[in-house]
Amino acid sequence: MIRDPLPRAWALLIGLSLLSAALADWSDPGRLTSILILGLGLAKARTILATYLRLAGAPFWMRGADWVLALVGVLLLGLYIVG
Amino acid sequence: MTDSPTETEPFDDLPGDLMIWVLIVSELLVFGAGLAAFLAVRATDPAGFATAQAALHPAAAALNTAVLVTSGVAAALAARSAEAARLGAGRLWLAFAMALGVVFLVVKGFEYADLAAQGIGVESHAAFTFYYLLTGFHAAHVAAGVLILGLVAIRLRPYPVETAAAFWHMVDLVWVLLFPVIYLMG
């Protein structure tokens, strides 16, 4: 178990990236797979904000960043689904 | 009513400089708008965008994701070292982060060169216009980030290193959103 949050976040980011690549490589990514891949991208973005940019220690700002990410995520997801 | 001495303002909790956060949110919204435009235009020609996507290099982009997130942790460790006045370690982490930034640009260069060899350019299809615009603008940020990390390494002090690392994390943050939308989503 890695105690230091930085290498732990790095391992999580690498794991999520591998999972995205595996999902995309699995077959021609369909709608559900693509939505999952977008979700993994947003999870990576949140990990970077929380740990690399240290927002985890500032809950007020982390909530604000979550709103911005949610806005971007909903916009991208909506446009993807409409397409 | 007076504030108690222990009460803190929200800005006191914000890690790093307020202006770098204005930049981070602005960049996130600019690239978010770019990706939204990409998906909106894609909706008008899904088959054309799928054909264009098949010419891209998702393996190279996946490699670059690993390179950039590793570079990000190196920049964060550089900031931590600078804070602890461990100047040698701070410079080493910054050099590692910069080297990985250069690796990212080299891999991106191979991608562009291969597409050019196939005769694919900015005007080949709307998908490639967005591809070159978004990844090229991002690559320009990577190049600027490498330069900034190099500048703060010359006279290592906590505040500039933390600000430079925050810029670098913003570059990382944008990439983890570009990668799935442009390369992976079918």
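Bear in mind the structure is a predicted one, so any value in this text is a computation, not a measurement.

1. A look at the overall build of chain B
Along chain B, the regular secondary structure elements total seven helices and zero strands. Along chain B, from the amino end to the carboxyl end, the secondary structure elements read α-α-α-α-α-α-α. Principal-axis analysis of the C-alpha atoms places the extent of chain B at approximately 60 × 45 × 20 Å. Across the 186 residues that make up chain B, the buried fraction comes to 41%. Across chain B, the fraction of contacts at a sequence separation of at least 24, relative to all contacts at a separation of at least 6, is 80%.

2. Describing the UniProt feature "transmembrane region" (unreviewed entry) in chain B
All names here are of chain B. Here, UniProt's "transmembrane region" (unreviewed entry) annotation points to residues 20-41, 61-80, 92-110, 130-154 and 166-185. Secondary structure across residues 130-154 comprises 100% helix and 0% strand; the distance between its end C-alpha atoms is 37 Å. The span residues 166-185 carries 95% helix and 0% strand; its end-to-end C-alpha distance comes to 28 Å.

3. Structural notes on the packing of helix α6 (residues 126-154) of chain B against helix α7 (residues 158-184) of chain B
All names here are of chain B. Closest axis-to-axis distance for the α6/α7 pair is 10 Å, and the angle between their directions is 160°. Taken together, α6 and α7 sit at an angle that is classed as roughly antiparallel. Considering the relative orientation of α6 and α7, their crossing is left-handed. Along the contact surface, α6 presents Tyr131, Leu134, Thr135, His138, His141, Val142, Gly145, Ile148, Leu149 and Val152, while α7 presents Pro160, Val161, Ala164, Phe167, Trp168, Val171, Val174, Trp175, Leu178 and Ile182.

4. Some details on the confidence of the model for chain B
Summary statistics for chain B give a mean pLDDT of 93 and a share of 96% for residues scoring 70 or more. As a predicted assembly, this complex carries a pTM of 0.93 together with an ipTM value of 0.93.

5. Notes on the interface of chain B and chain A
Counting residues at the interface gives 36 residues for chain B and 37 residues for chain A. By residue class, the composition of the side of chain B that touches chain A is 27 nonpolar, six polar and three charged.

6. Structural notes on the UniProt feature "domain: Heme-copper oxidase subunit III family profile" (unreviewed entry) in chain B
UniProt annotation of "domain: Heme-copper oxidase subunit III family profile" (unreviewed entry) refers to residues 20-186 of chain B when read in the numbering used here. Split by type, residues 20-186 of chain B is 87% helix and 0% strand. Its first and last C-alpha atoms lie 34 Å apart.

7. Some details on helix α5 (residues 87-117) of chain B
Residue and element names in this part refer to chain B. Taking 1.5 Å as the rise per residue, α5 with 31 residues should run 45 Å; its terminal C-alpha atoms sit 45 Å apart, in good agreement. For α5, the set of buried residues is Gly90, Trp93, Leu94, Ala97, Met98, Leu100, Gly101, Phe104 and Lys108. In this fold, the buried residues of α5 make contact with α4 (58-83), α6 and α7. Glycine 119 sits one or two positions beyond α5 and adopts a positive phi of about 80°.

8. Quick look at the environment of B:Gln118
Residues and elements named next belong to chain B. The residue glutamine 118 is located in the loop between α5 and α6 in this model. By the C-beta count within 10 Å, which is 10 here, glutamine 118 ends up exposed. Taking C-alpha positions, glutamine 118 is 9.0 Å from alanine 55, a pair spaced 63 residues apart along the chain.

9. Some thoughts on unusual backbone geometry
A positive phi angle is found at A:Arg54, which is not glycine, with a value near 60°. Position of A:Arg54 relative to the elements: it lies in the loop between α2 (31-52) and α3 (59-82). Judged by the 22 C-beta atoms lying within 10 Å of it, A:Arg54 is buried. Positive phi, normally seen in glycine, also occurs at B:Ala85, with a value near 60°. As for its placement among the helices and strands, B:Ala85 is situated in the loop between α4 and α5. The exposure class of B:Ala85 is exposed, given the 11 C-beta atoms found within 10 Å.

10. Quick notes on the environment of B:Val102
Locating B:Val102 in the fold gives a position in helix α5. Through-space distance from the C-alpha of B:Val102 to that of B:Tyr159 is 24 Å; in sequence the pair is 57 residues apart.

11. Brief notes about the UniProt feature "transmembrane region" (unreviewed entry) in chain A
Within the UniProt annotation, "transmembrane region" (unreviewed entry) is assigned to residues 65-82 of chain A. Along residues 65-82 of chain A one finds 100% helix and 0% strand; the C-alpha atoms at either end are 26 Å apart.

The rules behind these values
- Residues numbered from 1 in each chain as written.
- Chains lettered and ligands numbered in written order.
- Predicted model: local features only at pLDDT ≥ 70, side-chain atom pairs only at ≥ 80, totals over all residues.
- Helix = DSSP H or I, 4+ residues; strand = E, 2+ residues; numbered from the N terminus.
- Buried ≥ 20, exposed ≤ 12 C-beta atoms within 10 Å, placed from the backbone.
- Contact = placed C-beta atoms within 7 Å.
- UniProt positions renumbered as here; feature names shortened; annotations may be inferred.
- Axes fitted to C-alpha atoms, helices over the stretch in contact; angles between N-to-C directions.
- Parallel < 35°, antiparallel > 145°, perpendicular 65-115°, else oblique.
- Left-handed = near helix turned anticlockwise from the far one by under 90°.
- pLDDT = per-residue confidence, 0-100.
- Nonpolar A, V, L, I, M, F, W, Y, C, P; charged D, E, K, R; others polar.
- Expected span 1.5 Å × (residues − 1).

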